[in-house]
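The residues making up each chain are set out below.
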Amino acid sequence: AQSVTQPDIHITVSEGASLELRCNYSYGATPYLFWYVQSPGQGLQLLLKYFSGDTLVQGIKGFEAEFKRSQSSFNLRKPSVHWSDAAEYFCAVGPHQAGTALIFGKGTTLSVSS
Amino acid sequence: DVKVTQSSRYLVKRTGEKVFLECVQDMDHENMFWYRQDPGLGLRLIYFSYDVKMKEKGDIPEGYSVSREKKERFSLILESASTNQTSMYLCASIDNNSGANVLTFGAGSRLTVL
């Protein structure tokens, strides 16, 4: 079955520390991969996406993610977290077929301590 | 930028009421989606539509119906609201011609059923 697993429900990091949010997927073929962020009371905003090519992708707000086919992972990283990064983060996968729905993980809530 | 507008940000309804959640997108996207978001469960697909008057069930369609009479508008209907439908509802749309499955989300409609 197709699925996305985000192992960490809640993570707390200190402001200025590095961040890594984990995402593992189960999919029949190489999927499209996404990270979305949701600030409190808001909809989801796309952070970055991977379709093909370079396995290290850069996104908005200083985030990056690395696709590792052998590990079926697409972990999100940021070298230095800011207090404004506190939000919920969702990893998602979808097929190489335009217009289809994405499968989302259950999300990781990031808290930033000062 | 694509804009997806959910007209009702917060609703409070009573058990048994009929509820309409409206979603409008302004970029002529073919496909539109309704997701439900609950803590610890992530986003789950309720229904989607790939054209006017066309609809497909998602993972959790029970208790819901949809309507798409115009390309820009996709409505989610709760025929008889129940307390277990208290949730955040997210609408999204996608451009079939972009070659990429990038969903654009609305800000969400938080529904409370008493």
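Up top is the structure these notes are about.
As the structure is a prediction and not an experimental result, all values here were calculated from the model.

Q: I'm lost on the packing of aromatic side chains in this one. Help?
A: Aromatic rings in a pair are described by how distant their centres are and how their planes are angled relative to each other. Residue and element names in this part refer to chain A. Applying the stated criterion across every chain yields a total of 15 aromatic pairs over all chains. Between Y32 and F51 the ring centres are 4.2 Å apart and the planes differ by 50 degrees, which places this aromatic pair in the tilted class. With Y32 in strand β5 (residues 32–38) and F51 in the loop between β6 (44–50) and β7 (56–58), this pair connects stretches of sequence that are 19 residues apart.

Q: Can you help me understand the interface of chain B and chain A in this one?
A: Think of interface size as the accessible area that goes away when the parts come together; that is how it is often given. Each partner contributes to the interface: chain B provides 21 residues, whereas chain A provides 23 residues. Viewed at the interface, chain A and chain B are joined by five residue pairs in polar contact (both at pLDDT 80 or more). Within the side of chain B that touches chain A, the residues separate by chemical class into twelve nonpolar, eight polar and one charged.

Q: Got a minute to help me understand the pairing of strand β6 (residues 42–49) of chain B in this structure?
A: Side chains on a regular strand alternate between the two faces of the sheet. Residues and elements named next belong to chain B. β6 sits mainly inside the fold: seven of its eight residues count as buried. Of the pairings in the sheet, the one linking strand β5 (residues 31–38) to β6 comprises seven bridges and is antiparallel in character. Bridge pairing in β6 links W34 to Y47. Connecting β5 to the antiparallel partner β6 that follows it, the hairpin turn spans three residues, and G40 within it adopts a positive phi of roughly 80 degrees. Pairing geometry for β6 and strand β7 (residues 56–57), over two bridges, is antiparallel. Each residue of the ladder has a partner; that of Y47, found in β7, is K57. Count of turn residues in the β6/β7 antiparallel hairpin: six residues, of which K53 carries a positive phi of about 65 degrees.

Q: Just to check I follow, could you spell out the state of the cysteines for this structure?
A: Working definition of a disulfide: a covalent bond connecting the sulfur atoms of two cysteines. Residues and elements named next belong to chain A. Evaluation of the coordinates by the stated rule reveals two disulfides over all chains. Bridging C23 to C91, the disulfide has an S-S length of 2.0 Å. Measuring handedness by torsion sign, the sulfur bridge of C23 and C91 sits at about -65 degrees and is left-handed. With C23 in the loop between β3 (19–21) and β4 (24–26) and C91 in strand β10 (residues 87–94), the pair connects residues that are 68 residues apart, well separated along the chain. Each member of the pair, C23 as well as C91, carries the same accessibility label: buried.

Rules behind the numbers
- Residues numbered from 1 in each chain as written.
- Chains lettered and ligands numbered in written order.
- Predicted model: local features only at pLDDT ≥ 70, side-chain atom pairs only at ≥ 80, totals over all residues.
- Heavy atoms only, no water.
- Phe/Tyr/Trp six-rings, centres within 6.5 Å; stacked < 30°, edge-to-face > 60°.
- Helix = DSSP H or I, 4+ residues; strand = E, 2+ residues; numbered from the N terminus.
- Contact = heavy atoms within 4.5 Å.
- Polar contact = N/O pair within 3.5 Å; in protein donor to acceptor, adjacent residues only side chain to side chain.
- Nonpolar A, V, L, I, M, F, W, Y, C, P; charged D, E, K, R; others polar.
- Buried < 20%, exposed > 50% of the residue type's maximum accessible area, 1.4 Å probe, protein only.
- Pairing = 2+ DSSP bridges.
- Disulfide = S-S within 2.5 Å.

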